[in-house]
Amino acid sequence: MTASNGKQVAAKPENLIEVRGLLSQFDERVIHENLDLDVERGEVLGVVGGSGSGKTVLLNSIIGLKEPEGGSVRVFGHDMADLSKEQAADIERRTGILFQQGALFSSLSVIDNVASPLVEHTRLPKDVIRELAEMKIAMVGLKPEAHHQKPAELSGGMRKRVGLARALALDPELLFLDEPTAGLDPIGAAAFDHLIRQLSNDLGLTVFMITHDLDSLYAITDKVAVVADKRIVAKATVQELEQSDHPWIREYFLGPRGRAGKKAA
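Residues numbered from 1 in each chain as written. Predicted model: local features only at pLDDT ≥ 70, side-chain atom pairs only at ≥ 80, totals over all residues. Heavy atoms only, no water.

Student: Give a detailed account of unusual backbone geometry, specifying residues and quantitative values.
Tutor: A negative phi angle is the norm for most residues apart from glycine, just as the trans form is the norm for most peptide bonds. Residues other than glycine seldom take positive phi values, yet Glu179 does so here, at roughly 50 degrees. With respect to the secondary-structure elements, Glu179 resides in the loop between strand 7 (174–178) and helix 6 (186–203). With a phi close to 55 degrees, Asp229 is a non-glycine residue in the positive phi region. Here Asp229 lies in the loop between strand 9 (223–228) and strand 10 (231–236). (Helix = DSSP H or I, 4+ residues; strand = E, 2+ residues; numbered from the N terminus.)

Right, dumping it as structure tokens:
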């Protein structure tokens, strides 16, 4: 963008997610209070916090699985509390979600699991759907031999990749990941991190990733949002968070595991 004086002016970032004044509670227990968060187009955002801090509650509030007790959530500019059917369908087509356990249909084969969003949201011919599903499976690094296997026949890492392929089936702009490397061995987790970063770069994805994996934070995130004290206490690069005075952030990033993650990166 060029100003009237001829100087270049940085364009204002586009927020795909805007959370303002979020209040989340279960009965009398308050999880979030006055929580604000922006997620910019194109960034890979890690979301961290202690046990019980409400990371998954935040995710569920953003994707519409939990109705907030107060505040507002906007995704692609749409208020999640006041969606028309058309707007809800638009958001669903433009987002992909990989839940922690993969949430695959146990009775369906790999290729049918990956094809399921295309069957639900498009009117494409069966042969085209199958071809697209095969492309997504290849994209996440699985071989054709896996197409007809059931989830129970797959390793944990393979199930994660099938879940990711299904999340990418509709070519989303925004990808939600809930603990994507949980349960994977270090080599498998590193390979999955590399896959996420590569897909983000190649496809221009915006990624919202809940994780406790410090290696992932150092390896692939652009910024990290820290959930503590019932709100987002910081959103910054890992290097900036290492300079924070907040007690939980210092313990997390500068404790023994944090130092190990930094060294590995």
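Student: Explain the layout of surface pockets to me, and be specific about the residues and the numbers.
Tutor: Sizing a probe to match a water molecule and rolling it over the atoms shows the empty space that remains. Taken as a whole, the largest pocket holds about 640 Å³ of empty space. Lining the largest pocket are 25 residues, with Glu92, Thr95, Gly96, Ile97 and His121 positioned closest to its centre. At the level of secondary structure, the elements contributing two or more residues to the lining of the largest pocket comprise helix 1 (55–63), helix 2 (85–94), strand 6 (95–98), helix 3 (110–121) and helix 5 (156–167). Broken down by element, the lining of the largest pocket gets its largest block of residues, four residues, from helix 3. Residues of the lining of the largest pocket, tallied by class, amount to 17 nonpolar, five polar and three charged. The element that contributes the greatest number of residues to the lining of the second largest pocket is strand 4 (residues 70–75), accounting for three residues. Taken together, the residues that form the lining of the second largest pocket break down as four nonpolar, four polar and three charged. (1 Å grid on protein atoms, 1.4 Å probe; cavity = no way out; pocket = protein on both sides within 12 Å on 5 of 7 lines; lining within 4 Å. Points joined across faces, edges and corners; volume = space filled by probe spheres on them. Nonpolar A, V, L, I, M, F, W, Y, C, P; charged D, E, K, R; others polar.)

Student: So what's going on with the packing of aromatic side chains? Residues and values would help.
Tutor: Scanning the model with the defined rule gives three aromatic pairs in all. Aromatic pair Phe176 and Phe208: ring centres 5.5 Å apart, planes at 55 degrees, arrangement tilted. Highlighted residues: Phe176 in strand 7 and Phe208 in strand 8 (residues 206–210), separated in sequence by 32 residues. A single burial state applies to Phe176 and to Phe208, both of which are buried. Plain terms: the ring middles of Trp248 and Tyr252 are 4.7 Å apart, the flat faces sit at 15 degrees to each other, and that makes the pair stacked. Placement of the pair is Trp248 and Tyr252 together in helix 9 (residues 247–254), with a separation of four residues, close to one helical turn. According to the relative accessible area criterion, Trp248 is partly exposed, its value standing at 25%. Relative accessible area serves as the criterion here: at 15%, Tyr252 is assigned to the buried category. An aromatic cluster is built from Trp248, Tyr252 and Phe253, whose rings are joined through pairwise contacts. Its guanidinium or amino end placed over the ring of Phe76, Arg94 lies 3.8 Å from that ring's centre, counting from NZ or CZ. (Phe/Tyr/Trp six-rings, centres within 6.5 Å; stacked < 30°, edge-to-face > 60°. Buried < 20%, exposed > 50% of the residue type's maximum accessible area, 1.4 Å probe, protein only. Lys NZ or Arg CZ within 6 Å of the ring centre and 35° of its normal.)

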